[in-house]
Every structure is written in structure tokens, then in C-alpha cells.
Amino acid sequence: MLNYLWGFMILAGLGAGIVTGQVEAVSNASIDSAGEAVNMAVTMLGIMSMWTGLIEVARQAGLLDCMTRGLRPVLSFLFPRIPQEHRVNEYLTANILANILGLGWAATPMGLKAMAELAPLERQRLAERKRQETGEQADPNKITLTRASDEMCTFLVLNISSLQVIPVSVIAYRAQYGAVNPAAIVVPGMIATTVSTAAAVVFCRIMSRRGESS
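Residues numbered from 1 in each chain as written. Predicted model: local features only at pLDDT ≥ 70, side-chain atom pairs only at ≥ 80, totals over all residues. Heavy atoms only, no water.

Participant: Whenever I open this one, the pattern of salt bridges confuses me. Can you help?
Facilitator: Oppositely charged side chains can form a pair if their charged atoms are brought close together. Throughout the structure, instances matching the rule amount to six salt bridges. A salt bridge links Arg-72 to Glu-85, with the shortest nitrogen-to-oxygen separation between them at 3.6 Å. Taken together, the residues span a long stretch of sequence, with Arg-72 in helix 4 (residues 72-78) and Glu-85 in the loop between helix 4 and helix 5 (88-100) at a distance of 13 residues. Owing to a relative accessible area of 66%, Glu-85 belongs among the exposed residues under this scheme. With a closest N to O distance of 2.9 Å, Glu-151 and Arg-81 form a salt bridge. Taken together, the residues span a long stretch of sequence, with Glu-151 in helix 7 (residues 150-161) and Arg-81 in the loop between helix 4 and helix 5 at a distance of 70 residues. Salt bridges linked by common partners bring Arg-81, Glu-122, Arg-125 and Glu-151 together as one network. (Salt bridge = Lys/Arg side-chain N within 4 Å of Asp/Glu carboxyl O. Helix = DSSP H or I, 4+ residues; strand = E, 2+ residues; numbered from the N terminus. Buried < 20%, exposed > 50% of the residue type's maximum accessible area, 1.4 Å probe, protein only.)

Structure representation (C-alpha cells):
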């Protein structure tokens, strides 16, 4: 669907340029935008590499464990079925901290690792449920997930809402494009993301309880 959407937008832009006689301007804008995209991609790659490196250093130094224990009440509320000592809690903590700092794209590696750890947990639950219902032992590794678990959905919704205290990425973009006060977005962004995250948490809890009761 996105391919069709982008294709339509490109064709519409070219058509508008031909109709208005500004094909040269469209061509120059395409070349300039391609250069900006490469520069931004390199910048994002550098920051992402730095952040993932710091997370790994923090993990080996034990700082991530301390942060995980500090966020344990929050994680227990949001993900009550995840064991407190499970490794996935470290990835959830790193992802949440990255989003709070406004490094959403830098949080992606930890988010992918968290999703990878949540999948075996759901397979184990399905195997246990099958054993209780039929009395047969099932190999969790052979169970195919046909839908996302409550924890996966909650995690995804929280990432979309993304509480941000310091939107580093937005500040960097505003500075790059010449904003007079790049940090002016901090307070409005904090208010907006607080509201969106609160709505996401309420929605996830309601849907989770509805699923448990059905």
C-alpha cells in the first residue's frame, strides 16, 4: 500500500512540475533532498550506534539492572504476566528510556530484542494452556504464533504513544533546519506525549482485562 502511495505522490509531483513548467525545480529539489536524506541517515546511524553502545556498556556494568529494578513497579503494572527476573525486562527498560529521551529510532534495536523475547513467553503460555485443556504435552518451540500477545500489543502501543521528556531527535532536526529556539518544543512535546501515553496505558489495561474476561 505504501508503495502505491509513494508512487502516486512522486507521479503527482512530476505532473505538477510539468504542468507549471517547473520541471527543473522539481529535479533540483529531488537531488537536494537525496543529499539531505543521506546526511540525515548518517547522523541517525551515528547516534543510534552511540546509544546502543552505551546501553551495552550500561548492561555489562550493571547499571541497566539498577534501572530495571527502578522501573520494576511500572513494568509490573504494564506487563503483569512477565516474570520480574526475565531478561526481556532489560530490553523493555532500555527501550522506554530511549523513548523518554526522544531517541525513538535509537530505541528500535532494543524494541526488536524485546519482541523476540516476548514470543517464547507467549509460546510457553499457549503450550501450558493446551496441556491444561487437553492433557497433552506440547513443545513450545513448535507452536506457531497466529496473533500478538497482550504484552506485544501493549509494548507496541506504548512505543507509538512514546512519552518524551527530552525530544532529542526533534531538537536536532529543528537546529539542523535553522530554528531560532530548537528546544522550544520541549514543554509542548512533554504535554502531548504525556497525554498520549496516559491514553495508551488506559486503553491497553481496558483491552487486556476485556480479553481476560472473554
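So, next bit.
Participant: I keep staring at helix 2 (residues 23-61) and nothing clicks. Help me out?
Facilitator: Think of an α-helix as 3.6 residues a turn; residues three or four steps apart then line up on the same face. With 39 residues, helix 2 should reach 57 Å at 1.5 Å per residue; the first-to-last C-alpha distance of 56 Å fits that figure. Among the residues of helix 2, those classed as buried are Trp-51, Ile-55 and Ala-58. Buried positions along helix 2 lie against helix 3 (63-70), helix 5 and helix 6 (108-134). In the stretch just after helix 2, Gly-62 is the one whose phi turns positive, near 90°. (Expected span 1.5 Å × (residues − 1). Contact = heavy atoms within 4.5 Å.)

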